[in-house]
Amino acid sequence: MPSTSDAAAPGPARRVYVDPQGPVLVEGPVEIVLDDGTVARSDRFMVAVCTCRRSRTYPWCDTSHRRRERARADAPPTGEGTPS
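Here is what the cut-offs are and how they apply
- Position numbers for residues count from 1 along each chain, tracking the sequence in the order it is written.
- This being a predicted model, a pLDDT of at least 70 is required before a residue's local features are given, and a value of 80 or more before pairs of side-chain atoms are given or counted; all residues contribute to the totals for chains, interfaces and linings.
- Only hydrogens and water are set aside; all other atoms, that is, all heavy atoms of the structure, feed into the side-chain values.
- Any Lys or Arg side-chain nitrogen located within 4 Å of an Asp or Glu carboxyl oxygen qualifies as a salt bridge.
- Numbering of helices and strands starts at the N terminus; helices are DSSP runs of H or I of at least 4 residues and strands are runs of E of at least 2.
- Exposure categories follow from relative accessible area, calculated using a 1.4 Å probe and restricted to protein chains: below 20% of the type maximum is buried, above 50% is exposed, and the middle band is partly exposed.

Peer 1: What should I look at first to understand the pattern of salt bridges in this one?
Peer 2: Close approach of charged atoms allows side chains with opposite charge to pair. Counted under the stated rule, the structure contains three salt bridges. Across the pair Glu31 and Arg41 runs a salt bridge whose closest N-O atoms are separated by 3.3 Å. A residue pair is termed long-range when its members are at least 10 positions apart, and Glu31 in strand S3 (residues 30-33) and Arg41 in strand S4 (residues 39-42) qualify at 10 residues. Of the charged contacts in the structure, one is a salt bridge between Arg41 and Asp43, with a shortest N-O distance of 2.9 Å. Accessibility expressed as a relative area gives 48% for Arg41, which makes it partly exposed. For Asp43, a relative accessible area of 58% translates into the label exposed.

As C-alpha cells, then:
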C-alpha cells in the first residue's frame, strides 16, 4: 500500500515488469531475501526474477520455464497425427 507519511523515501522507486509467461523483470540493482534469510544481490541494470522455481540459478531466471511448456489438450503427442 502506498505510503502517505512525510517520512523521506529510502530511495527511488524500482520499476517492475510482470510477464505472465515468464519472469518478473526488475530494474536493478536489487537484493532479494530468500525463505531461509539469505540475501541474493545483483548489480545488473535489469534483473529477471524466477517465478516458476525451475531455475538452476534461483532466484534468478535462467529461462527453464521455456523448456517445460504444457502441451495443448488438442495437440497430438509428438510423432502421432503426421502423414507418412
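More follows now that the structure is in view.
Peer 1: Help me out: how do you make sense of unusual backbone geometry in this one?
Peer 2: A negative phi angle characterises most non-glycine residues, just as the trans form characterises most peptide bonds. Pro29 follows Gly28 through a cis peptide bond whose omega is 0 degrees. Mapped onto the secondary structure, Pro29 falls in the loop between strand S2 (24-27) and S3. The omega torsion across Tyr58 and Pro59 is 15 degrees, close enough to zero to call that bond cis. Within the fold, Pro59 resides in the loop between strand S5 (46-49) and helix H1 (64-67). Not every positive phi belongs to a glycine, and Arg53 is a case in point at roughly 65 degrees. By the secondary structure assignment, Arg53 is in the loop between S5 and H1.

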